[in-house]
Amino acid sequence: MPTETYAVRGAALKTTGHYGRPGTRELFCGRPAGGRNGIFAAVRGWHLCKRCVRAEARDRAEAEAVAAQWRTEAVEPAGMLVSAAPAHPRRPVQLALDGMPHPPEQGELFAA
């Protein structure tokens, strides 16, 4: 669960923590979000809003299900052409100092 909790905007008592809906200025229970109140978690009598806890858990479960669906789908789309590897690999081409490719026979002259 997220550790960041918020108060209801304009609340006189901040003894209830609420989870903020990502990307909005609202809480999961539909109220407008005020300032952060995570520091009140140590205060006796402090608790979390039940509607926020349930809605945040439901939202997190839906997000995990979507993420699991994306992880299990095939990486290669259907109908994609797969070309076979060449029968024999190409020989390496030596590059000269000018950056132009030269035939391998010319490189063999200087190999000794």
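Positions within a chain are numbered from 1, following the residues in the order the chain's sequence is written. Since the coordinates come from a predicted model, pLDDT governs what is reported: local features require at least 70, and pairs of side-chain atoms require 80 or more to be given and counted, while whole-chain, interface and lining totals use all residues. For the side-chain quantities, the full set of heavy atoms in the structure was used; hydrogens and water were omitted.

Q: Lay out the overall build of the chain with the relevant residues and their values.
A: In this text, helices come from DSSP runs of H or I with a minimum length of four residues, and strands from runs of E with a minimum of two, each type numbered from the N-terminal end. The helix and strand tally for the chain stands at two helices and six strands. Relative to its 112 residues, the chain shows a buried fraction of 14%. For this analysis, residues touch if any pair of their heavy atoms sits within 4.5 Å. Nonlocal contacts in the chain, meaning residues at least 24 apart in sequence, comprise 45% of its contacts between residues at least 6 apart. Per element, the accessible surface of the chain, about 9300 Å² overall, is 59% carbon and sulfur. Relative accessibility under 20% of the residue-type maximum defines a buried residue, over 50% an exposed one, and the middle range a partly exposed one, all with a 1.4 Å probe and only protein chains included. Note on areas: Shrake-Rupley with a 1.4 Å probe; residue coverage comes only from the protein chains shown.

Q: With reference to specific residues and values, describe the confidence of the model for the chain.
A: Each residue carries a pLDDT score, the predictor's confidence in it, ranging from 0 to 100. The predicted model of the chain has a mean per-residue pLDDT of 76, with 61% of residues at 70 or higher. Confidence scores differ between elements of the chain, with strand 5 (residues 94-95) showing the lowest mean pLDDT of 56 and helix 1 (residues 50-72) the highest of 89.

Q: Could you give an account of the environment of G30, naming the residues involved and the relevant values?
A: Positionally, G30 belongs in the loop between strand 2 (16-17) and strand 3 (33-36). As a C-alpha pair, G30 and R51 span 21 residues in sequence and 9.2 Å in three-dimensional space.

Q: Residue-level account of the pattern of salt bridges, with values.
A: By definition, a salt bridge exists where a carboxyl oxygen of Asp or Glu is found within 4 Å of a side-chain nitrogen of Lys or Arg. One pass over the structure, following the stated rule, counts two salt bridges. The salt bridge partner of R36 is E4, with a shortest N-O separation of 2.5 Å. Placement of the pair is R36 in strand 3 and E4 in the segment before strand 1 (6-8), with a sequence separation of 32 residues. The salt bridge partner of E56 is R60, with a shortest N-O separation of 3.1 Å. In this pair, E56 and R60 both sit in helix 1, four residues apart, roughly one turn of the helix.

Q: Tell me what's going on with the side chain of N37, and back it up with residues and numbers.
A: Relative to the elements of secondary structure, N37 occurs in the loop between strand 3 and strand 4 (47-48). A polar contact is formed between the side chain of N37 and the side chain of T5, at a distance of 2.9 Å. A polar side-chain atom of N37 sits 3.0 Å from the main-chain carbonyl oxygen of T16. Those residues in contact with N37, other than ones at most four positions away along the chain, are T5, Y6, A7, K14, T16, G17 and W46. Polar contacts, as used here, are pairs of N or O atoms within 3.5 Å; protein pairs need one atom able to donate a hydrogen and one able to accept it. Residues neighboring in sequence count only if both atoms are side-chain atoms.

Q: Describe the nonpolar core, naming the residues involved and giving the relevant values.
A: By nonpolar core is meant a set of buried Ala, Val, Leu, Ile, Met, Phe, Trp, Tyr and Cys residues that side-chain atoms within 4.5 Å join together. By size, the foremost hydrophobic cluster in this structure holds eight residues: Y19, L27, F28, C29, A33, C49, C52 and A55. L27 has contacts with Y6, A7, V8, H18, Y19, G20, R21, P32, A33 and C52, leaving out every residue within four places of it along the chain.

Q: Please set out the environment of P32 residue by residue, giving values where relevant.
A: Counting through the fold element by element, P32 comes out in the loop between strand 2 and strand 3. As a C-alpha pair, P32 and A7 span 25 residues in sequence and 8.8 Å in three-dimensional space.

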